[in-house]
Structures are given as C-alpha cells and as structure tokens.
Amino acid sequence: MKNTNNIKAATSANNTIVDGTRKVYVPKVIDGTTVDKKLNRLNPQHAAIINSALEQMEKTGFNHAYVTTALDCLKTFKQEDGGYQRDLDARKIKKNKKEFNEDRVNAILVNYRDGEFWVVDGQHTLELLIEMGYTHGFIKLMLDRSLQYEHELFYKQDDGNSKVSTWDKFIARVGGGEPNAVIIKKVCDKYGISIESRKGSAFSQAMKVYSIRKLDDIVKKGGENGLEFTIQTIMELGWHKYDYGFTENLLQVSVAYKYCEGNKVNYSKLMENLNKFDTPMDFINEAQHIYSNPASRHPENPIKQYIEAIFA
C-alpha cells in the first residue's frame with residue numbers, strides 16, 4: 001500500500017510541489033486542470049524530476065518536457081495495464097546494438113501516471129540502452145495523460161523505422177475507445193468470431209477473421225448495421241463453418257448491403273444466387289472464373305463484381 005501521508009506531503013496546498021529544497025508553481029498543462037490535482041499519487045522519490053519537468057514546461061509553454069532520468073525508473077507496460085505494446089523484438093535489438101550510434105538515439109516517450117513512469121513509445125530504445133550498459137537516458141515526459149490517450153498516441157504513430165502493424169494498432173484502437181474499432185469488436189464478439197493477427201497462421205480458419213482493414217472498410221461504409229448484415233449473410237449461408245469463411249474475399253458480401261437494406265426482394269435475390277454454392281471456395285472459384293481479368297493492371301475484385309452483377 002502506498003504511504004498516503006508522504007504523498008500528501010509532496011504536494012502542497014498552494015499549488016506547488018515540494019522536494020525539500022524549493023517549491024515550483026504548478027502550471028496548468030492538461031485541459032485547464034492543474035497538475036497538483038492530477039498528481040495526487042505523486043511518489044515523493046520522483047519529486048525532483050517532476051519539479052524539473054514543470055520548471056521546463058513553465059519556461060517553454062509546452063505540455064511536456066525533455067529530461068534525463070535513471071533507466072531503472074522507467075516501467076514498461078504490462079498486458080494487464082492496457083495491452084497495446086508490441087512484444088520486444090530480440091532481433092531488432094541485436095541489429096540496433098551492432099549499428100549503435102548514440103547520436104541517433106531518440107528520446108523515449110514516457111507518461112507519468114499513478115506515481116509511475118510508463119513507456120508509451122521507445123521500449124526497444126530503453127532495452128537497447130540498458131543492454132549497452134547505460135544507466136540514464138533522455139526522455140520526453142508527459143504528466144498524467146490518461147491510459148486512453150496513451151492508446152491513441154500509440155495507434156496514430158509510426159516510429160520511423162518500422163511501421164506499427166494493423167493488428168497492433170487495432171488492439172490500441174479498441175483500448176483507446178476509437179468508435180470503428182469498438183464496433184468491430186462488439187459485433188464480432190456478438191457472433192463468436194475471433195479477430196486474429198496473421199502471425200503464425202497462413203490460412204483463414206472457421207470463425208476467425210484476419211482482415212482488419214476490410215472490417216474497417218465495411219464499418220466506414222455501412223456502420224454497425226453493415227457489418228452485422230455481412231456476418232449474418234455469411235452465417236445464414238453456412239459459410240462460417242468453413243475455412244475461408246471470413247477472408248477478405250468473402251467479406252466482399254458487404255457490397256450487397258446497399259441493395260438489401262430494407263429490401264426483402266433484393267435480399268432474397270442475393271441468397272438465391274449464393275445458396276447454389278455448397279462452400280465458400282465454390283463461390284470464390286466461380287467468381288474468379290467469370291470475372292478475373294489478368295490483362296487489367298487494376299482489376300476489380302471478382303467477388304465484388306459477381307455480387308454487383310446480381311443487382312445490375
């Protein structure tokens with residue numbers, strides 16, 4: 001349990017934080033609120049670095065500061081505290097050690113929240129510096145940003161050397177409450193469909209979907225109803241029981257939503273055409289046989305063309 005007496009002693013009543021030698025005015029840094037309210041769980045051992053950061057913020061007007069800190073103070077994210085961080089890539093760290101140049105080391109992005117330093121971006125840099133024998137590092141320090149905001153920062157950033165994968169971004173988007181991602185997870189959970197990363201799986205499997213980009217596209221065009229329509233149609237056809245049941249190809253069924261929304265006649269026409277195929281692969285093969293155009297530099301998806309032709 002934290003020592004609340006020490007915590008209160010570290011934050012004074014007149015909007016200052018005290019480290020035993022001086023006190024620094026706490027500027028407003030987040031949405032008009034004052035840091036002394038946000039830092040009610042300030043660890044007294046961190047008062048010096050927090051005061052240094054606040055002093056810099058006051059001078060620059062920025063809501064963050066660049067400071068040097070002991071690397072063992074930095075606490076990397078655990079899965080239970082958000083789960084958006086990528087696993088450390090040992091090969092990447094080994095490669096960076098061979099090519100190490102201290103003049104190219106980026107500042108580690110850190111959020112001070114709940115009395116702890118949390119690494120938002122730069123966990124590979126942190127691990128590299130520790131393995132190289134460094135005891136201190138340069139950080140870009142934010143104060144008391146929310147966990148949701150950390151998720152947003154993560155899924156909106158690409159770190160310059162390696163792109164954040166669609167899967168990693170999706171996990172962060174869900175955690176950050178991004179509307180489309182929340183809809184995707186909600187609908188897939190409702191129908192017992194597992195959203196998976198492509199890692200370790202070369203082929204689609206029954207009741208699993210790997211194409212997050214296509215799910216995004218469906219929600220952007222048809223919202224939650226469009227996604228439900230797509231999944232319900234595939235399941236009514238019985239294709240969800242097969243591998244390839246929720247591949248990007250099969251999810252093209254979503255193009256029928258604009259024709260079938262509130263139109264029972266069109267929906268009956270769609271199902272009449274698709275029910276003649278026993279498996280999703282039979283349908284895919286037929287569509288590709290009719291509509292594939294290898295001569296075209298930008299061919300349309302044969303599945304989409306097949307469904308569009310039903311309503312032509």
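For the structure itself, look to the data block above.
Cut-offs applied
- Residues numbered from 1 in each chain as written.
- Predicted model: local features only at pLDDT ≥ 70, side-chain atom pairs only at ≥ 80, totals over all residues.
- Heavy atoms only, no water.
- Helix = DSSP H or I, 4+ residues; strand = E, 2+ residues; numbered from the N terminus.
- Buried < 20%, exposed > 50% of the residue type's maximum accessible area, 1.4 Å probe, protein only.
- Axes fitted to C-alpha atoms, helices over the stretch in contact; angles between N-to-C directions.
- Parallel < 35°, antiparallel > 145°, perpendicular 65-115°, else oblique.
- Contact = heavy atoms within 4.5 Å.
- Nonpolar A, V, L, I, M, F, W, Y, C, P; charged D, E, K, R; others polar.
- Pairing = 2+ DSSP bridges.
- Salt bridge = Lys/Arg side-chain N within 4 Å of Asp/Glu carboxyl O.

Chemist: It is not clear to me how the environment of G238 should be interpreted in this structure. Could you clarify?
Modeler: By the element assignment, G238 lies in the loop between α9 (212–236) and α10 (257–260). Separated by 40 residues in sequence, G238 and D278 place their C-alpha atoms 8.8 Å apart.

Chemist: Looking at this model, I keep getting lost on unusual backbone geometry. Mind explaining?
Modeler: Peptide bonds are, in most cases, trans, and in most cases residues other than glycine have a negative phi. Even without being glycine, D114 reaches a positive phi, approximately 55°. One can find D114 in the loop between β7 (108–113) and β8 (116–121). Judged by relative accessible area, which is 34%, D114 ranks as partly exposed. Positioned with a positive phi, Y244 is a non-glycine residue whose angle comes to about 75°. Tracing the sequence through the fold places Y244 in the loop between α9 and α10.

Chemist: What am I meant to see in the packing of helix α7 (residues 166–175) against α9 here?
Modeler: The relative placement of two packed helices is expressed as an angle between their axes plus a distance between the axes. Running from amino to carboxyl end, α7 crosses α9 at an angle of 50°, the nearest separation of the two axes being 10 Å. When the axes of α7 and α9 are compared, the pair comes out oblique. Residue-level contacts link T166, W167, F170 and R173 of α7 to I212, R213 and D216 of α9. Here the residues of the contact of α7 with α9 are counted per class, giving three nonpolar, one polar and three charged.

Chemist: Can you help me understand the pairing of β7 in this one?
Modeler: On a regular strand, each side chain points to the face opposite its neighbour's, so the side chains alternate between the two faces of the sheet. Taking burial as the measure, the six residues of β7 include six buried ones, the bulk of the element. In β7, alternate side chains face the same way, and those of I108, V110 and Y112 on one face and L109, N111 and R113 on the other are all buried. Direction of pairing for β7 relative to β8: antiparallel, over a ladder of five bridges. Pairing of V110 across the sheet is with V119, part of β8. Where β7 hands over to β8, the hairpin turn is made up of two residues, of which D114 adopts a positive phi near 55°.

Chemist: Help me out: how do you make sense of the pattern of salt bridges in this one?
Modeler: A side chain with one charge can pair with a side chain of the opposite charge if their charged atoms come near. Scanning all chains against the criterion turns up 14 salt bridges. In this structure, K186 engages E224 in a salt bridge whose closest nitrogen and oxygen atoms are separated by 3.1 Å. In this pair, K186 is assigned in helix α8 (residues 179–190) and E224 in helix α9, connecting sequence segments 38 residues apart. Owing to a relative accessible area of 24%, E224 belongs among the partly exposed residues under this scheme.

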